[in-house]
Amino acid sequence: MSKLRMAVSRLLALGGLTAVSGTSYVLYKYSSLNEKVDCRGAVYGKKDFEPVLNSQVKWDDDWDCRKIQIKKDLLSLEPQEITHSLKNIDEKPKPTATRHVLLVRHGQYITKDSDEERILTDIGRQQAAATGVRLKSLNISFNKITVSTMTRAKETGVIISDQMPEVPIEYCSLIREGAPYPPEPPSKSWNPERWVTFYKDNPRIEGAFRKYFHRADSSQKEDSFEVLVCHGNVIRYFVCRALQFPPEGWLRMSIGNCGITWLTIRPNGSVSLRGLGDVGHLPPELITFN
């Protein structure tokens, strides 16, 4: 018996745990009313021990506004044409391809005041080279590499591109680093005095999300793979938005230098996170978070 099972068995014997659904366990505390309250705060009656869901946020199927666009197209039609189009809306071509977006944070850089001075350190260049090798080893036909216009990201993108010279590379100012959203819980580093930055940066970063994250068009027949070389704050915000998590939770995640984050967008609009800030391709001495 494993140490974990032994510990669970002891807690069961002491009355600290109640077993439910076979090998699953829920930790309870007892109230003065002899009701059971689990660690999430859900109240269980004296006889009914099934979990009570306090809230459940529904997935928004039209998160990328693809269905709204179809409805907007109807506005230009005559009333009789609208009726006909609504009857045949389910017959319109639907996406069949899957889009994969791989986000790479830049390598370690020298901390200076100006962007031009924030160049990669020697470790940062090694990180970028190792990341290029890793991406090439996946044997994926990447469609494009898009790079932030900030110095540290451009240097990282070029080094990665050297490993895959056949992949087109372009630059985009929308994915520059910034303050994506006021974090919760609050952070001393992101205090109210700096909130004016959120109002400036959020529209830009949100615009980048809408540009790069969406299901494939119906005209796309093959799965696509795109690489975005950008920044930690931007990547964390993208993950929250793509998974429909509260955007204020972006600061609760950590992304290492040249960590790879992989998001998959399926034809029906569902999104899955295949990896978050993966630095497994880097040796321990090259793993940094600056």
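Residues numbered from 1 in each chain as written. Predicted model: local features only at pLDDT ≥ 70, side-chain atom pairs only at ≥ 80, totals over all residues. Heavy atoms only, no water.

A. How the structure looks around the pairing of strand β6 (residues 144–148). A large share of β6 lies buried, amounting to 4 of its 5 residues. Relative to strand β7 (residues 169–172), β6 is paired through 4 bridges, and the arrangement is parallel. Of the residues in β7, the one forming a bridge with valine 147 is tyrosine 171. (Buried < 20%, exposed > 50% of the residue type's maximum accessible area, 1.4 Å probe, protein only. Helix = DSSP H or I, 4+ residues; strand = E, 2+ residues; numbered from the N terminus. Pairing = 2+ DSSP bridges.)

B. How the structure looks around the side chain of arginine 215. In this fold, arginine 215 is placed in the loop between α6 (195–212) and β8 (224–230). Side chain to side chain, arginine 215 and aspartate 64 meet in a polar contact 2.8 Å long. Polar side-chain contacts of arginine 215 include one of 3.4 Å to the backbone oxygen of asparagine 268. Sequence-distant contacts of arginine 215, defined by excluding residues within four places in its chain, comprise Asp61, Asp62, Trp63, Asp64, Arg66, Pro95, Arg99, Ile265, Arg266, Pro267, Asn268 and Gly269. (Polar contact = N/O pair within 3.5 Å; in protein donor to acceptor, adjacent residues only side chain to side chain. Contact = heavy atoms within 4.5 Å.)

C. Focus on the nonpolar core. Formed by 29 residues in total, the largest nonpolar core has its most connected members in Leu103, Ile175, Phe213, Leu228, Phe238, Leu263 and Val271. At the level of elements, β5 (99–105), α6, β8, α7 (232–242) and β9 (260–265) are the ones that each hand at least two residues to this core. The greatest single-element share of this core, amounting to 7 residues, is contributed by α7. Those residues in contact with leucine 228 that lie beyond four places of it in its chain are Val101, Leu102, Leu103, Val104, Thr146, Ile175, Tyr212 and Phe238. Core analysis: the second largest hydrophobic core is formed by 15 residues, Ala153, Ile160, Val167 and Val229 among them. (Core = buried A, V, L, I, M, F, W, Y, C linked by side-chain atoms within 4.5 Å.)

D. A look at the pattern of salt bridges. Counted under the stated rule, the structure contains 8 salt bridges. Linking arginine 204 and aspartate 201 is a salt bridge whose minimum nitrogen-to-oxygen distance equals 3.6 Å. You can see arginine 204 and its partner aspartate 201 sitting in helix α6, 3 residues apart, about one turn around the helix. With respect to burial, arginine 204 and aspartate 201 carry one shared label: buried. For arginine 241, the salt bridge identified is with glutamate 206, shortest N-O distance 2.7 Å. Remark: glutamate 206 occurs in helix α6 and arginine 241 occurs in helix α7; sequence separation between them is 35 residues. Salt bridges sharing partners connect three or more residues here, namely Glu206, Arg210 and Arg241. (Salt bridge = Lys/Arg side-chain N within 4 Å of Asp/Glu carboxyl O.)

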